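Listed below are the residues making up each chain.
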Amino acid sequence: MTRISPASRLLRLTAVAAVAVVVLPLSGCLYAQIPDAGSTGDGPAPTPSASPSDDTTEEPTGDLPPTMTFADGNDLPATAYVQWGDGLIADDGWTTVAPDDGNGGWTYGTADGLCTAEFWQGLIPDVPTVPGDDSASSDAMLAVILGEADASAISAAVTTAAFSYQVGGNTDVESRQLVGDAGARQWMMATRAFTATGVGLYVIVDCTGGDVAAVMAEVVDKNAVVID
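Reading guide: rules and limits
Each chain carries its own residue numbering, running from 1 in the written order of its sequence. Local features are withheld for residues below a pLDDT of 70 in this predicted model, meaning they are given only at 70 or higher, and side-chain atom pairs are given and counted only at 80 or more; totals for whole chains, interfaces and linings count all residues. As a convention, hydrogens and water are excluded, and side-chain values are obtained from all of the structure's heavy atoms. Only runs of H or I of at least four residues qualify as helices and only runs of E of at least two qualify as strands under DSSP, and these elements are numbered from the N terminus. Note on classification: 1.4 Å probe, protein chains only; a residue is buried when its accessible area is under 20% of the maximum for its type, exposed when over 50%, partly exposed between these limits. Residues are treated as being in contact if the distance between any of their heavy atoms lies within 4.5 Å. A 1.4 Å probe and the Shrake-Rupley method give the accessible areas. Residues count as covered only by the protein chains that appear here. Two cysteine sulfur atoms form a disulfide, by the criterion used here, when they sit within 2.5 Å. By definition, two strands form a pair when at least two bridges between them are found by DSSP. Inter-axis angles, ranging from 0 to 180 degrees, are taken between N-to-C directions of lines fitted to C-alpha atoms, where helices are fitted over the stretch in contact. In this text, buried Ala, Val, Leu, Ile, Met, Phe, Trp, Tyr and Cys residues form a nonpolar core when linked through side-chain atoms within 4.5 Å. Whether two aromatic rings pair depends on their centres lying within 6.5 Å, for rings of Phe, Tyr and Trp, where Trp uses its six-membered ring; planes under 30 degrees apart make the pair stacked, over 60 edge-to-face, and the rest tilted. The reported arc concerns the directions from the helix axis to the C-beta atoms and nothing else. Contacts described as polar in this section are N or O atom pairs within 3.5 Å, which, within protein, must combine one atom able to donate a hydrogen with one able to accept it, while residues neighboring in sequence count only if both atoms come from side chains.

1. Considering the overall build of the chain
Then, number 1: Within the chain, the secondary structure is distributed over 3 helices and 11 strands.
Then, number 2: Each helix and strand of the chain, ordered N terminal to C terminal, gives the series α-β-β-β-β-β-β-α-β-β-β-β-α-β.
Then, number 3: For the chain, the residues scored as buried account for 49% of the 228 residues in total.
Then, number 4: For the chain, long-range pairs separated by at least 24 residues make up 66% of all intrachain contacts whose partners lie at least 6 apart in sequence.
Then, number 5: In the form shown here, the chain has an accessible surface area of approximately 9,400 Å², with 54% of it arising from carbon and sulfur atoms.

Set out below in structure tokens:
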């Protein structure tokens, strides 16, 4: 697919991912009410956005780090393209719930109707990022999505997880993750901010009756973070 410079997909995460939530730490888990897939509030007027890459066979090229830990993010050039690779577009186990909205977001659903995976990618000017600290900035993204003014409010519940890097099937991109449980409904939200480029991305897996951990594992295995 045609890739568009991050500079042309400027958007406010607070508007694109405006989720009205109530966060209640309980028994070691984060319980929250998040909206159904595709209902992330009123966003800004549509602006050009890079579509997810359908090339899931790329390997690290040029001077890119061979892995993408939080520390590795500091070695990215400011002009690097960072985007999701779309590994579900031709997967029979998934269907399109909401196509690419032009503002960096789209959603797939499992064929059995139990789970959705909502993706977003774009610039994050409204996130209080910490230059040179992708971990703290990723936590700040989570806080913005959850409507928290201070990332420390959720810090006890956030853990380090991983996305795939360039190709599926690895754990080479560090991310930050929250887990929520509301009885039959469970969700997992994972983010990664790249402060060197001012770009962030996230995925929210939301299940009613499905195995949310297994679905998230499938999602991150099949949808790599593509950087070039």
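Still more to cover.
2. Section: the state of the cysteines
Then, number 1: In total, this model carries 1 disulfide according to the counting rule given.
Then, number 2: Residue Cys 115 pairs covalently with Cys 207 via a disulfide, S to S 2.0 Å. Across the S-S bond of Cys 115 and Cys 207 the torsion is about 115°, and the bridge reads as right-handed. You can see Cys 115 sitting in strand E6 (residues 115–123) and its partner Cys 207 sitting in strand E10 (residues 199–208), a full 92 residues away along the chain.

3. Notes on the sheet that holds strand E5 (residues 105–110)
Then, number 1: Reading across from one edge, E4-E5-E6-E10-E9-E8-E7 is the order of the 7 strands in this open sheet, with antiparallel pairing throughout. What marks the edges here is a single partner per strand, and that holds for strand E4 (94–98) and strand E7 (159–163). The mean angle between the axes of side-by-side strands here comes to 25°, regardless of whether they run parallel or antiparallel.

4. Details of the nonpolar core
Then, number 1: Residues Phe 119, Phe 163, Phe 194, Val 203, Val 205, Val 225 and Ile 227 are the most contacted members of the largest nonpolar core, which totals 32 residues.
Then, number 2: Those elements giving two or more residues to this core turn out to be strand E3 (82–84), E5, E6, strand E9 (185–194), E10, helix H3 (212–222) and strand E11 (225–227).
Then, number 3: Excluding residues within four positions of it along the chain, Phe 119 makes contact with Trp 84, Leu 88, Gly 104, Gly 105, Trp 106, Tyr 108, Tyr 202, Val 203, Val 219 and Asn 223.
Then, number 4: Core analysis: the next-biggest nonpolar cluster, separate from the first, contains 18 residues, Ile 124, Ala 143, Leu 178 and Tyr 202 among them.

5. Points about the pairing of E4
Then, number 1: Pairing of E4 with E5 involves 4 bridges; the strand directions are antiparallel. Following the sheet pairing, Thr 96 is matched in E5 by Tyr 108.

6. Digging into the side chain of Arg 176
Then, number 1: Mapped onto the secondary structure, Arg 176 falls in strand E8 (residues 173–182).
Then, number 2: On the basis of relative accessible area, Arg 176 is assigned to the buried category, the value being 12%.
Then, number 3: Discounting chain neighbours no more than four positions away, the residues touching Arg 176 are Phe 70, Ser 135, Ser 138, Asp 139, Leu 142, Val 158, Thr 159, Thr 160, Met 189, Ala 190 and Thr 191.

7. A word on the environment of Thr 107
Then, number 1: Mapped onto the elements of the fold, Thr 107 is located in strand E5.
Then, number 2: A residue is classified by how much of its surface remains accessible, and Thr 107, at 3% relative accessible area, is buried.
Then, number 3: Separated by 12 residues in sequence, Thr 107 and Phe 119 have C-alpha atoms that sit 6.0 Å apart.

8. As for the packing of aromatic side chains
Then, number 1: All chains considered together, the criterion is met by 5 aromatic pairs.
Then, number 2: Ring plane angle 65° and centroid distance 5.0 Å describe the contact between Trp 84 and Phe 163, whose orientation is recorded as edge-to-face. Separated by 79 residues along the polypeptide, Trp 84 in strand E3 and Phe 163 in strand E7 bring together distant segments of the chain. In terms of burial, Trp 84 and Phe 163 fall into one category: buried.

9. What about H3?
Then, number 1: If you check which residues of H3 are buried, you get Val 212, Val 215, Met 216, Val 219 and Val 220. Down the axis of H3, the sector holding all buried residues measures 130°, keeping them to one side.

10. Observations regarding the side chain of Ser 175
Then, number 1: Within the element layout of this structure, Ser 175 appears in strand E8.
Then, number 2: For Ser 175, the side chain forms a polar contact with the main-chain nitrogen of Ala 162, separated by 3.3 Å.
Then, number 3: Ignoring any residue separated from it by four or fewer positions in sequence, one finds Ser 175 in contact with Phe 70, Thr 159, Thr 160, Ala 161, Ala 162, Phe 163, Ala 190 and Thr 191.

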